[in-house]
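Per-entry structural report
Here are the chains, one letter per residue:
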Amino acid sequence: INAEYMGTELASLRTLLKSGLATTEARSLFTELYFCWSYNAVSTLSLCLLTMAYEHAYILVRSFGEKEVTVSFLTQVDKLVQLLESPIFAHVRLQLLEPSQHPYLVKALFGLLMLLPQSSAYELLKTRLKSVSTLSLTTWILHNPDQKAVDTEIDWQAMHHHFNTVQNRSVL
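Below is a summary of the structure that appears in this document. In this text, all values refer to a predicted model and were calculated from it rather than measured experimentally.

**Here's the deal with helix α3 (residues 24-37)**
- Relative to the 20 Å expected for 14 residues at 1.5 Å per residue, α3 spans 20 Å between its end C-alpha atoms, a close match to the ideal helical length.
- Listing the buried residues of α3 in full gives Ala-26, Arg-27, Leu-29, Phe-30, Leu-33, Tyr-34 and Trp-37. Summarising the axial view, the buried residues of α3 lie within an arc of 165°, below the 170-degree limit, and thus occupy one face. Looking at α3, the residues exposed on the side facing more than 90 degrees away from the buried face are Thr-24, Glu-25, Glu-32 and Cys-36.

In structure tokens:
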């Protein structure tokens, strides 16, 4: 999974994606990759995590529970957890220091944890998430119940509909 992230020749694309979805160029690249990668649920999730589209990542994780979870899917999730520990996703790990600013990141990662059987990937992610202050997350949610993600000019409902359509045609 996601060998496409690792190559040094793709450093400039990674940098663009890691900058978030604030620019037209980043949104365009994200949208193109999203439609291509929707055939692989875990790759789509990793793209959302890389681009800091955390609310959508959380929606995807929740949708995983509605589908049959296969050994192949769990193997891919295991590899994603390993990839999250790589330098490419350092910016994501650092955002765990501010759970009140990134609650959907925390929720998406806890969702992955709930999907994983107890394994080395489970322990790795569990250990990582122990460092997140759930108290500050709970406080934030109680004080900001209706806060929405920043408008990025991306039609998230259409993206999710496309993802579900593709996933319903294939098996995780």
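**Observations concerning the environment of Val-77**
- By the secondary structure assignment, Val-77 is in helix α6 (residues 71-84).
- For Val-77 and Leu-116, which are 39 residues apart along the polypeptide, the C-alpha to C-alpha distance reads 7.6 Å.
- Ignoring sequence-local partners within four residues, the contact set of Val-77 consists of Val-42, Leu-112 and Leu-116.

**Digging into the packing of α6 against helix α8 (residues 103-115)**
- One way to put it is that α6 packs onto α8 with a least axis distance of 11 Å and a crossing angle of 135°. With respect to α8, the element α6 is oriented oblique. For the pair α6 and α8, the sense of crossing is left-handed. Contacts from Phe-73, Leu-74, Val-77, Leu-80 and Leu-84 of α6 reach α8 at Leu-109, Leu-112 and Leu-115.
- Classifying every residue of the contact of α6 with α8 gives eight nonpolar, no polar and no charged.

So, how was this worked out
- Residues numbered from 1 in each chain as written.
- Predicted model: local features only at pLDDT ≥ 70, side-chain atom pairs only at ≥ 80, totals over all residues.
- Heavy atoms only, no water.
- Helix = DSSP H or I, 4+ residues; strand = E, 2+ residues; numbered from the N terminus.
- Expected span 1.5 Å × (residues − 1).
- Buried < 20%, exposed > 50% of the residue type's maximum accessible area, 1.4 Å probe, protein only.
- Arc of directions from axis to C-beta.
- Contact = heavy atoms within 4.5 Å.
- Axes fitted to C-alpha atoms, helices over the stretch in contact; angles between N-to-C directions.
- Parallel < 35°, antiparallel > 145°, perpendicular 65-115°, else oblique.
- Left-handed = near helix turned anticlockwise from the far one by under 90°.
- Nonpolar A, V, L, I, M, F, W, Y, C, P; charged D, E, K, R; others polar.

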